[in-house]
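# Inside the fold
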Amino acid sequence: MASVSYSPPASRQALKFIRFGLCLFVALLVLVPLVTAALGGLKTNAELFANPFGLPSTPQWSNYRSVLSEPTFWQELRNSTIVMLLTAIGVLVLSSMPAFVFSRLQFPGRELLFGFFTLGLLFPIAVAILPLYITLRQFHLIDTLWAVVLPQVAFGLPSNIVILRGFFAAVPKELEEAAFIDGVGYVGFFLRILLPLVRPALAAVFVLTLVASWNNFFLPLLVLNSQQNYTLPLGIMQFQGQHSTDWAMVLAFVTLSLVPTIIFYLFAERHIVSGLTAGAVKG
Amino acid sequence: MSSGATKSAVAYGVRARSIRWSKLLVVLGFLVPPAVIYIWLVLLPMAQAVFYSLYRWNGLGPLQHFVGLGNYELILRDRVFISALGHNLIIVALSICIQLPLALALALLLRGGVPGRAAFRMIFFLPYVLSEVVTGVIWSFIYNPQNGLMNALLGAVIPGFKPIGWLGDPGIVLYALFVVITWKYFGLHFILYTAGLQDIPSELEEAAEIDGASTWQKLRYVTIPLLGRTIRLSVFLSVLGSLQIFDLIWVMTTGGPVNASETMATYLYKFGFQRFAIGYGSAVAVVLFVICLAFAIFYQRQIMSRDYS
């Protein structure tokens, strides 16, 4: 109502229609590859190449069934889940502690220490990966899930400390003073008052870390050697190598590994977006 | 009266001291655990990368072959590395010129009011949360030279179309990969722009409209300048991401055919892990780091500095 418009309603309608058409076109470009993969898993290989995008003439559930009956699929799903949860818990705990210190406590040298912790923002993991590999080998961690979890936590710290520090600093000072009058001390204030207040921020950090860990490929590729320790992305690569001519089977595998991601996305999209935009603005 | 005041002052002093102590304990207790893992697995390996890069070393046995800057000299003379760097720069340029404007256009389109806006937003952002491996495998299928989706589609639209080996042709592979990169990452920039647009007060655009500005003028002189901060940030993220890109390329081509889609990170992986040249690989890592750092410093100083004032 408030906006003043000089264009006649008819052209407004047309414009809206064009905008809708363009968005629909892009949405199709995004969805068609995914739908093709899901449908491809329902075809025989002969049909896949005769008719790559149409609906399957008779759905072949056998591809999906045989992936689901493979113990390696479930093992990889399990490994990915364990790594993801341990990483996210580790990042949450170990980045909220320094974030608290850097946002709520005054002491000499604070900014210097904060700078020290954020130095890591400059280092992509690719740069440190060779010495990291040597270090993990020295500690006999190669080919264990810890070799994925620990570096993921360590490299997750700098950006998440920055994000959480911003959120922690926004909690009003009066609450802190009230907490001290009640005699709960720093730790009590942190655990019982601050953390519950910034739950949305914690959720954003948690969810973003889950997604990053679930999708991580570079690090597991280097530090996991035996199939029993593979995470899903490695499993997909391995599966594709084994069934390089059986595309229908590969697509069934890929589709099944997509299902948890998409379900998760539908529920957590809000947190992912708020985490990303907060990180981008503050980082 | 006065003795009471002294007493409370003493009590206060004791309490202040105990607060100071508990503060110190909290600072130490809260900073030491994360510092340990961070130094152990982030900072030390970084320093070691610099150190190892001065040696010829296969990762086993003692470090003996000190070669000084020899590894760096070899890298900068290696045509494969230079062309890998070139591929990174092509991806940087294409991302800035095509991917980001596309993302901005979509964010503006949706902002203009479209039925089903929330659903579109979810769909556009979806590829960003999918794994690079899943994306790479699906697109390898689409690019399959024997009747993959891409060839089938083009064959149906263009009469007399001859199937193309999208990932097998050294002249095409990089652009074919760029299409996938765009598909995968435009959603991130779209979301950043959408968030940035929400912060622009609508009064400013309405004022421009009342002053008789056309839609294009409004965009050019009001909306985009106000979005400057977000755009500069998205360019920054895009450049760093393009310089470090590995996963998608490794899954789809492993840098081939004949190094036509090699990037600095795939080059690093090939030397560091496949040939176990830890010294040489570390030198590649340091070069990659210096390039990213130089860009980051230049960009923050010259372009983003105005955002902090």
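Please read these numbers as outputs of a predicted model, since none were measured by experiment.

Time to look at the overall build of chain B. Across its full length, chain B holds 13 helices and 2 strands. On C-alpha atoms alone, chain B measures out to a radius of gyration of 27 Å, which is more than a quarter above the 19 Å that the 2.2 N^0.38 rule sets for 309 residues. With respect to the principal axes defined by its C-alpha atoms, chain B has extents near 105 × 75 × 35 Å. Residue burial in chain B is summarised as follows: out of 309 residues, 40% are buried.

This part takes up the overall build of chain A. Scanning chain A from N- to C-terminus turns up 13 helices and 0 strands. Listing each helix as α and each strand as β along chain A from the N terminus yields α-α-α-α-α-α-α-α-α-α-α-α-α. Expressed as lengths along the three principal axes of its C-alpha atoms, the size of chain A is roughly 75 × 70 × 35 Å. The buried share among the 283 residues of chain A stands at 42%.

Our next topic: the UniProt feature "domain: ABC transmembrane type-1" (unreviewed entry) in chain A. Feature annotation in UniProt assigns "domain: ABC transmembrane type-1" (unreviewed entry) to the following positions: residues 77-268 of chain A. Annotation note: span residues 77-268 of chain A, helix share 80%, strand share 0%, distance between end C-alpha atoms 20 Å.

All names here are of chain A. For helix 7 (residues 146-169), with 24 residues, the first-to-last C-alpha span of 33 Å sits near the 34 Å given by 1.5 Å per residue. Bending of helix 7 peaks at approximately 45 degrees at the position of Leu157, with proline Pro158 no more than four residues after it. Most of helix 7 is tucked away, with 21 of its 24 residues classed as buried.

This part takes up the nonpolar core. Val254 of chain A together with Leu177, Leu268, Val284, Ala285 and Leu288 of chain B are the most contacted members of the largest nonpolar core, which has 164 residues in total. Ranked by residue count, the leading element in this core is helix 7 (residues 173-198) of chain B, at 15 residues. Sequence-distant contacts of Val254 of chain A, defined by excluding residues within four places in its chain, comprise Ala37 and Ile236 of chain A together with Val134, Val137 and Ile138 of chain B.

With that out of the way, let us pick up the confidence of the model for chain A. Residues and elements named next belong to chain A. Of all residues in chain A, 95% have pLDDT values of 70 or greater, and the mean over the chain is 88. Looking across chain A, the model is least confident in helix 8 (residues 173-181), with a mean pLDDT of 79, and most confident in helix 4 (residues 71-104), with 95. In this model residues 1-5 is a low-confidence stretch, pLDDT under 50, and it forms 4 contacts with partners more than four residues away in sequence or in other chains.

Every contact between the two is made by 73 residues of chain A and, on the other side, 71 residues of chain B. When residues of the side of chain A that touches chain B are assigned to their parent elements, the largest contribution, 14 residues, is made by helix 13 (residues 247-282) of chain A. Among the residues forming the side of chain A that touches chain B, the class breakdown is 58 nonpolar, 12 polar and 3 charged.

Parameters at a glance
Residues numbered from 1 in each chain as written. Chains lettered and ligands numbered in written order. Predicted model: local features only at pLDDT ≥ 70, side-chain atom pairs only at ≥ 80, totals over all residues. Helix = DSSP H or I, 4+ residues; strand = E, 2+ residues; numbered from the N terminus. Rg over C-alpha atoms; globule rule 2.2 N^0.38 Å. Buried ≥ 20, exposed ≤ 12 C-beta atoms within 10 Å, placed from the backbone. UniProt positions renumbered as here; feature names shortened; annotations may be inferred. Expected span 1.5 Å × (residues − 1). Bend = angle between axes of the 7 residues up to and from the residue. Core = buried A, V, L, I, M, F, W, Y, C linked by C-beta atoms within 7 Å. Contact = placed C-beta atoms within 7 Å. pLDDT = per-residue confidence, 0-100. Nonpolar A, V, L, I, M, F, W, Y, C, P; charged D, E, K, R; others polar.

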